[in-house]
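Spelled out, the chains give:
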Amino acid sequence: MSAQIIDGNALAKKIRLEIASRTSTLVGKGIKPGLAVLLVGEDPASQVYVRNKVKACEEAGMHSLLERLPTDLSEAALLKRIHELNLDPSIHGILVQLPLPKHLNSHLVIESIAPEKDVDGFHVANAGALMIGAPLFRPCTPYGCMKMLESIDYPIKGARAVIVGASNIVGKPMAMLLLQAGATITICNSKTKDLTAHTKEADILVVATGRPKMITAEMVKPGAVVIDVGINRLDDGKLCGDVDFESVKTVASAITPVPGGVGPMTITMLLLNTLEAAERL
Ligand code: NDP
(Lines give C-alpha, C1' and ligand atoms only; values in the text may rest on other atoms or scores of the structure.)
Protein backbone atom coordinates (compact mmCIF):
# COMPACT_ATOMS: atom_id res chain seq x y z
CA MET A 1 0.00 0.00 0.00
CA SER A 2 1.18 3.52 -0.66
CA ALA A 3 -0.58 6.36 1.10
CA GLN A 4 -2.50 9.19 -0.52
CA ILE A 5 -0.29 12.27 -0.28
CA ILE A 6 -2.22 15.24 1.10
CA ASP A 7 -0.78 18.08 -0.97
CA GLY A 8 -0.63 21.17 1.25
CA ASN A 9 0.54 23.41 -1.58
CA ALA A 10 -2.43 22.53 -3.80
CA LEU A 11 -4.96 22.84 -0.98
CA ALA A 12 -3.43 26.12 0.18
CA LYS A 13 -3.62 27.49 -3.36
CA LYS A 14 -7.30 26.60 -3.61
CA ILE A 15 -8.17 28.19 -0.25
CA ARG A 16 -6.08 31.30 -1.06
CA LEU A 17 -8.16 31.86 -4.20
CA GLU A 18 -11.31 31.84 -2.05
CA ILE A 19 -9.62 34.21 0.42
CA ALA A 20 -8.58 36.56 -2.40
CA SER A 21 -12.14 36.61 -3.70
CA ARG A 22 -13.61 37.40 -0.24
CA THR A 23 -10.90 40.03 0.26
CA SER A 24 -11.81 41.73 -2.97
CA THR A 25 -15.49 41.81 -1.92
CA LEU A 26 -14.48 43.44 1.35
CA VAL A 27 -12.20 45.94 -0.42
CA GLY A 28 -15.23 46.82 -2.57
CA LYS A 29 -16.97 47.82 0.67
CA GLY A 30 -14.04 50.04 1.64
CA ILE A 31 -12.33 47.67 4.08
CA LYS A 32 -8.88 46.32 3.19
CA PRO A 33 -7.84 43.54 5.60
CA GLY A 34 -4.51 44.49 7.17
CA LEU A 35 -1.90 42.37 8.94
CA ALA A 36 0.99 43.78 10.97
CA VAL A 37 3.97 41.46 11.43
CA LEU A 38 6.53 42.40 14.06
CA LEU A 39 9.94 40.80 13.89
CA VAL A 40 12.35 41.52 16.71
CA GLY A 41 15.97 40.58 16.00
CA GLU A 42 17.76 38.76 13.22
CA ASP A 43 16.80 35.08 13.59
CA PRO A 44 17.33 33.71 10.03
CA ALA A 45 14.41 31.23 10.10
CA SER A 46 12.08 33.94 11.42
CA GLN A 47 13.20 36.27 8.61
CA VAL A 48 12.09 33.69 6.05
CA TYR A 49 8.77 33.04 7.84
CA VAL A 50 7.82 36.72 8.07
CA ARG A 51 8.80 37.36 4.46
CA ASN A 52 6.54 34.50 3.33
CA LYS A 53 3.67 35.75 5.47
CA VAL A 54 3.88 39.28 4.10
CA LYS A 55 4.18 38.03 0.50
CA ALA A 56 1.11 35.79 0.93
CA CYS A 57 -0.82 38.74 2.34
CA GLU A 58 0.01 40.92 -0.63
CA GLU A 59 -0.88 38.15 -3.09
CA ALA A 60 -4.30 37.84 -1.45
CA GLY A 61 -4.88 41.58 -1.92
CA MET A 62 -4.45 42.44 1.76
CA HIS A 63 -2.54 45.28 3.35
CA SER A 64 0.59 44.15 5.17
CA LEU A 65 2.97 45.97 7.44
CA LEU A 66 6.30 44.34 8.25
CA GLU A 67 8.24 45.97 11.06
CA ARG A 68 11.80 44.82 11.67
CA LEU A 69 12.78 45.86 15.16
CA PRO A 70 16.27 45.77 16.70
CA THR A 71 17.33 42.81 18.88
CA ASP A 72 17.94 45.10 21.86
CA LEU A 73 14.48 46.68 21.68
CA SER A 74 13.10 47.24 25.17
CA GLU A 75 9.98 45.46 26.32
CA ALA A 76 8.30 48.82 27.02
CA ALA A 77 8.96 49.96 23.44
CA LEU A 78 7.52 46.75 21.99
CA LEU A 79 4.40 46.93 24.18
CA LYS A 80 3.93 50.58 23.18
CA ARG A 81 4.11 49.69 19.47
CA ILE A 82 1.60 46.86 19.92
CA HIS A 83 -0.72 49.24 21.75
CA GLU A 84 -0.56 51.65 18.79
CA LEU A 85 -1.38 48.82 16.39
CA ASN A 86 -4.28 47.72 18.62
CA LEU A 87 -5.78 51.16 18.00
CA ASP A 88 -4.92 51.37 14.29
CA PRO A 89 -8.11 50.86 12.22
CA SER A 90 -6.14 49.81 9.11
CA ILE A 91 -4.74 46.79 10.99
CA HIS A 92 -7.02 43.80 11.68
CA GLY A 93 -4.40 41.26 12.64
CA ILE A 94 -1.20 41.58 14.68
CA LEU A 95 1.44 38.91 14.72
CA VAL A 96 4.61 38.93 16.79
CA GLN A 97 7.04 36.43 15.32
CA LEU A 98 8.30 33.94 17.91
CA PRO A 99 10.77 33.18 19.37
CA LEU A 100 11.52 36.59 20.84
CA PRO A 101 14.98 37.55 22.14
CA LYS A 102 15.49 36.25 25.69
CA HIS A 103 15.12 39.62 27.47
CA LEU A 104 11.51 39.95 26.23
CA ASN A 105 8.70 38.16 28.07
CA SER A 106 6.75 36.39 25.29
CA HIS A 107 3.75 35.79 27.51
CA LEU A 108 3.43 39.48 28.39
CA VAL A 109 3.93 40.50 24.77
CA ILE A 110 1.25 38.14 23.43
CA GLU A 111 -1.17 39.21 26.16
CA SER A 112 -0.73 42.84 25.07
CA ILE A 113 -2.26 42.12 21.64
CA ALA A 114 -5.98 42.94 21.52
CA PRO A 115 -7.73 39.51 21.45
CA GLU A 116 -9.82 40.56 18.43
CA LYS A 117 -6.59 41.20 16.48
CA ASP A 118 -4.72 38.12 17.76
CA VAL A 119 -4.78 36.24 14.44
CA ASP A 120 -2.31 33.64 15.75
CA GLY A 121 -4.86 32.71 18.42
CA PHE A 122 -2.20 32.60 21.17
CA HIS A 123 -3.72 35.17 23.57
CA VAL A 124 -4.98 33.52 26.73
CA ALA A 125 -8.51 34.81 25.99
CA ASN A 126 -8.44 33.07 22.61
CA ALA A 127 -6.90 29.89 24.05
CA GLY A 128 -9.71 29.85 26.63
CA ALA A 129 -12.39 30.48 24.02
CA LEU A 130 -11.05 27.58 22.00
CA MET A 131 -11.08 25.38 25.10
CA ILE A 132 -14.79 25.99 25.70
CA GLY A 133 -15.60 25.39 22.04
CA ALA A 134 -16.26 29.02 21.09
CA PRO A 135 -13.06 30.07 19.31
CA LEU A 136 -12.65 33.55 17.88
CA PHE A 137 -9.43 32.50 16.11
CA ARG A 138 -8.16 28.96 15.69
CA PRO A 139 -4.35 28.80 15.92
CA CYS A 140 -3.10 28.64 12.33
CA THR A 141 -1.18 25.36 12.29
CA PRO A 142 -3.84 23.14 13.91
CA TYR A 143 -6.52 24.94 11.88
CA GLY A 144 -4.58 24.05 8.72
CA CYS A 145 -4.34 20.41 9.83
CA MET A 146 -8.12 20.30 10.30
CA LYS A 147 -8.59 21.68 6.77
CA MET A 148 -6.32 18.92 5.46
CA LEU A 149 -8.46 16.25 7.16
CA GLU A 150 -11.57 17.93 5.74
CA SER A 151 -10.02 17.89 2.26
CA ILE A 152 -9.95 14.09 2.26
CA ASP A 153 -13.44 13.89 3.83
CA TYR A 154 -12.02 12.04 6.80
CA PRO A 155 -14.79 10.95 9.20
CA ILE A 156 -13.41 12.47 12.41
CA LYS A 157 -16.43 11.66 14.62
CA GLY A 158 -15.61 8.63 16.73
CA ALA A 159 -12.05 8.31 15.36
CA ARG A 160 -9.13 7.72 17.73
CA ALA A 161 -6.76 10.68 17.41
CA VAL A 162 -3.30 10.71 18.95
CA ILE A 163 -1.29 13.93 19.08
CA VAL A 164 2.42 13.58 19.75
CA GLY A 165 3.58 16.93 21.14
CA ALA A 166 1.76 19.14 23.60
CA SER A 167 2.89 22.71 22.88
CA ASN A 168 0.54 25.65 23.34
CA ILE A 169 0.81 26.57 19.67
CA VAL A 170 0.34 23.16 18.05
CA GLY A 171 -0.34 20.06 20.17
CA LYS A 172 -2.85 21.40 22.71
CA PRO A 173 -5.02 23.44 20.29
CA MET A 174 -4.88 20.55 17.82
CA ALA A 175 -6.27 18.28 20.51
CA MET A 176 -9.09 20.73 21.25
CA LEU A 177 -10.08 21.05 17.59
CA LEU A 178 -10.13 17.26 17.12
CA LEU A 179 -12.06 16.77 20.35
CA GLN A 180 -14.64 19.32 19.26
CA ALA A 181 -14.93 17.55 15.90
CA GLY A 182 -15.87 14.35 17.79
CA ALA A 183 -12.59 12.44 17.98
CA THR A 184 -11.42 10.58 21.06
CA ILE A 185 -8.03 12.06 21.84
CA THR A 186 -4.74 11.17 23.47
CA ILE A 187 -1.99 13.77 23.87
CA CYS A 188 1.57 12.48 24.26
CA ASN A 189 4.65 14.35 25.43
CA SER A 190 8.32 13.64 26.06
CA LYS A 191 7.50 11.79 29.29
CA THR A 192 4.97 9.42 27.70
CA LYS A 193 5.77 5.78 28.45
CA ASP A 194 5.64 3.32 25.55
CA LEU A 195 4.82 5.91 22.91
CA THR A 196 4.26 3.21 20.27
CA ALA A 197 1.42 1.68 22.31
CA HIS A 198 -0.38 5.01 21.88
CA THR A 199 0.55 5.87 18.31
CA LYS A 200 -0.40 2.35 17.13
CA GLU A 201 -3.97 3.02 18.31
CA ALA A 202 -4.37 6.16 16.20
CA ASP A 203 -6.75 6.46 13.28
CA ILE A 204 -5.49 10.05 13.05
CA LEU A 205 -1.88 10.62 14.11
CA VAL A 206 -0.64 14.21 14.40
CA VAL A 207 3.04 14.67 15.15
CA ALA A 208 4.57 17.97 16.35
CA THR A 209 7.71 17.34 18.38
CA GLY A 210 10.64 18.85 16.46
CA ARG A 211 12.35 15.41 16.47
CA PRO A 212 13.36 14.53 12.88
CA LYS A 213 11.76 11.32 11.53
CA MET A 214 10.96 10.00 15.03
CA ILE A 215 7.73 8.27 13.94
CA THR A 216 8.54 5.14 11.95
CA ALA A 217 6.29 2.63 10.17
CA GLU A 218 6.26 0.21 13.14
CA MET A 219 4.62 2.95 15.26
CA VAL A 220 1.70 3.51 12.89
CA LYS A 221 -1.59 1.61 12.62
CA PRO A 222 -2.15 0.33 9.06
CA GLY A 223 -4.58 2.67 7.31
CA ALA A 224 -4.04 5.62 9.67
CA VAL A 225 -4.00 9.23 8.47
CA VAL A 226 -0.71 10.85 9.45
CA ILE A 227 -0.30 14.63 9.74
CA ASP A 228 3.33 15.69 10.09
CA VAL A 229 3.70 19.18 11.53
CA GLY A 230 7.46 19.01 12.11
CA ILE A 231 9.91 21.11 10.13
CA ASN A 232 13.54 20.13 10.69
CA ARG A 233 16.64 21.03 8.72
CA LEU A 234 19.06 18.15 8.30
CA ASP A 235 22.87 18.47 8.08
CA ASP A 236 22.70 18.22 4.28
CA GLY A 237 20.41 21.29 4.25
CA LYS A 238 17.27 19.33 3.32
CA LEU A 239 14.01 19.72 5.23
CA CYS A 240 12.25 16.78 6.86
CA GLY A 241 9.35 16.25 9.20
CA ASP A 242 8.96 14.46 12.52
CA VAL A 243 7.67 11.43 10.59
CA ASP A 244 9.85 9.06 8.58
CA PHE A 245 7.88 9.75 5.41
CA GLU A 246 9.37 6.99 3.23
CA SER A 247 8.56 4.14 5.65
CA VAL A 248 5.30 5.52 7.05
CA LYS A 249 3.75 6.11 3.64
CA THR A 250 3.81 2.33 3.12
CA VAL A 251 1.41 1.73 6.05
CA ALA A 252 -0.68 4.93 6.28
CA SER A 253 -3.75 5.53 4.13
CA ALA A 254 -2.94 9.24 3.82
CA ILE A 255 0.04 11.36 4.84
CA THR A 256 1.24 14.97 4.62
CA PRO A 257 4.71 15.56 3.14
CA VAL A 258 7.44 17.90 4.43
CA PRO A 259 7.97 20.30 2.78
CA GLY A 260 4.68 21.00 0.99
CA GLY A 261 2.31 19.78 3.68
CA VAL A 262 1.26 21.62 6.83
CA GLY A 263 3.65 24.58 6.25
CA PRO A 264 1.76 26.26 3.39
CA MET A 265 -1.52 25.63 5.21
CA THR A 266 -0.32 27.49 8.30
CA ILE A 267 0.25 30.69 6.33
CA THR A 268 -3.07 30.24 4.55
CA MET A 269 -4.93 30.02 7.85
CA LEU A 270 -3.19 33.20 8.97
CA LEU A 271 -4.68 34.93 5.92
CA LEU A 272 -8.08 33.43 6.68
CA ASN A 273 -7.96 34.61 10.29
CA THR A 274 -6.95 38.12 9.17
CA LEU A 275 -9.75 38.21 6.61
CA GLU A 276 -12.29 37.05 9.20
CA ALA A 277 -11.09 39.66 11.69
CA ALA A 278 -11.75 42.34 9.05
CA GLU A 279 -15.10 40.81 8.05
CA ARG A 280 -16.27 41.00 11.68
CA LEU A 281 -16.14 44.82 11.66
P1 NDP B 1 7.79 22.55 21.12
O2 NDP B 1 9.24 22.29 21.28
O3 NDP B 1 7.18 23.75 21.72
O4 NDP B 1 6.98 21.28 21.66
C5 NDP B 1 7.37 19.98 21.35
C6 NDP B 1 6.46 19.02 22.03
O7 NDP B 1 6.86 17.70 21.65
C8 NDP B 1 6.52 19.07 23.56
O9 NDP B 1 5.23 18.93 24.11
C10 NDP B 1 7.41 17.88 23.92
O11 NDP B 1 7.11 17.28 25.16
C12 NDP B 1 7.05 16.91 22.81
N13 NDP B 1 8.11 15.94 22.57
C14 NDP B 1 9.42 16.19 22.36
N15 NDP B 1 10.08 15.03 22.19
C16 NDP B 1 9.18 14.04 22.30
C17 NDP B 1 9.26 12.63 22.24
N18 NDP B 1 10.42 12.01 22.03
N19 NDP B 1 8.12 11.93 22.42
C20 NDP B 1 6.94 12.54 22.62
N21 NDP B 1 6.80 13.88 22.70
C22 NDP B 1 7.91 14.63 22.54
O23 NDP B 1 7.54 22.49 19.54
P24 NDP B 1 6.36 23.12 18.62
O25 NDP B 1 5.05 22.53 18.96
O26 NDP B 1 6.51 24.58 18.56
O27 NDP B 1 6.84 22.56 17.20
C28 NDP B 1 6.94 21.18 16.93
C29 NDP B 1 7.44 20.99 15.51
O30 NDP B 1 6.52 21.56 14.60
C31 NDP B 1 8.77 21.66 15.20
O32 NDP B 1 9.47 20.85 14.26
C33 NDP B 1 8.37 22.96 14.56
O34 NDP B 1 9.37 23.45 13.67
C35 NDP B 1 7.16 22.51 13.78
N36 NDP B 1 6.21 23.58 13.50
C37 NDP B 1 5.72 23.63 12.22
C38 NDP B 1 4.77 24.54 11.87
C39 NDP B 1 4.24 24.51 10.49
O40 NDP B 1 3.67 25.48 10.04
N41 NDP B 1 4.34 23.39 9.77
C42 NDP B 1 4.30 25.55 12.82
C43 NDP B 1 4.78 25.36 14.17
C44 NDP B 1 5.73 24.41 14.47
P45 NDP B 1 7.24 18.05 26.58
O46 NDP B 1 5.98 18.87 26.68
O47 NDP B 1 7.29 16.94 27.56
O48 NDP B 1 8.49 18.85 26.50
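Conventions adopted
- Residues numbered from 1 in each chain as written.
- Predicted model: local features only at pLDDT ≥ 70, side-chain atom pairs only at ≥ 80, totals over all residues.
- Heavy atoms only, no water.
- Helix = DSSP H or I, 4+ residues; strand = E, 2+ residues; numbered from the N terminus.
- Rg over C-alpha atoms; globule rule 2.2 N^0.38 Å.
- Buried < 20%, exposed > 50% of the residue type's maximum accessible area, 1.4 Å probe, protein only.
- Contact = heavy atoms within 4.5 Å.
- Areas by Shrake-Rupley, 256 points an atom, 1.4 Å probe, with all protein chains shown as cover.
- Lys, Arg positive; Asp, Glu negative; His and termini not counted.
- Charge placed at Lys NZ, Arg CZ, Asp CG, Glu CD.
- Domains from an automatic or database assignment.
- Pairing = 2+ DSSP bridges.
- Axes fitted to C-alpha atoms, helices over the stretch in contact; angles between N-to-C directions.

Helices and strands together make up the secondary structure of the protein, namely 10 helices and 11 strands. The C-alpha atoms of the protein give 19 Å as radius of gyration, which agrees with the globular expectation for 281 residues (19 Å, within 12%). The C-alpha extent of the protein, read off along each of the three principal axes, is 50 × 40 × 40 Å. When each of the 281 residues of the protein is scored for burial, the buried share is 49%. In the protein, once contacts between residues fewer than 6 apart in sequence are set aside, the share between residues at least 24 apart is 69%. Of the roughly 12900 Å² of accessible surface on the protein, a fraction of 57% belongs to carbon and sulfur atoms. Counting 29 positive and 29 negative side-chain charges, the protein places the centres of these two groups 2 Å from one another.

Many structure descriptions define interface size as the accessible area lost when the parts assemble. Splitting the protein by domain gives domain 1 (31–115) and domain 2 (139–263). The straight-line distance from the C-alpha centre of domain 1 to that of domain 2 is 28 Å.

Here we have three strands laid out as an open sheet, ordered 3-2-4, and parallel in their pairing. Of all strands in the sheet, those with a lone pairing partner are strand 3 (63–69) and strand 4 (93–96), marking the two edges. Adjacent strand axes in the sheet meet at a mean angle of 15°, parallel and antiparallel pairs treated alike. Pairing geometry for strand 2 (residues 34–40) and strand 3, over seven bridges, is parallel. Bridged to L38 within strand 3 is E67. The sheet contacts of helix 2 (residues 44–59) involve strand 2, strand 3 and strand 4, and relative to strand 3 the element is tilted by about 160°.

By secondary structure assignment, the location of N273 is in helix 10 (residues 262–279). Look at N273 and you get buried, because its relative accessible area is 1%. If we ignore the near neighbours within four places in the chain, the residues touching N273 are V119, F137, R138, C140 and Y143.

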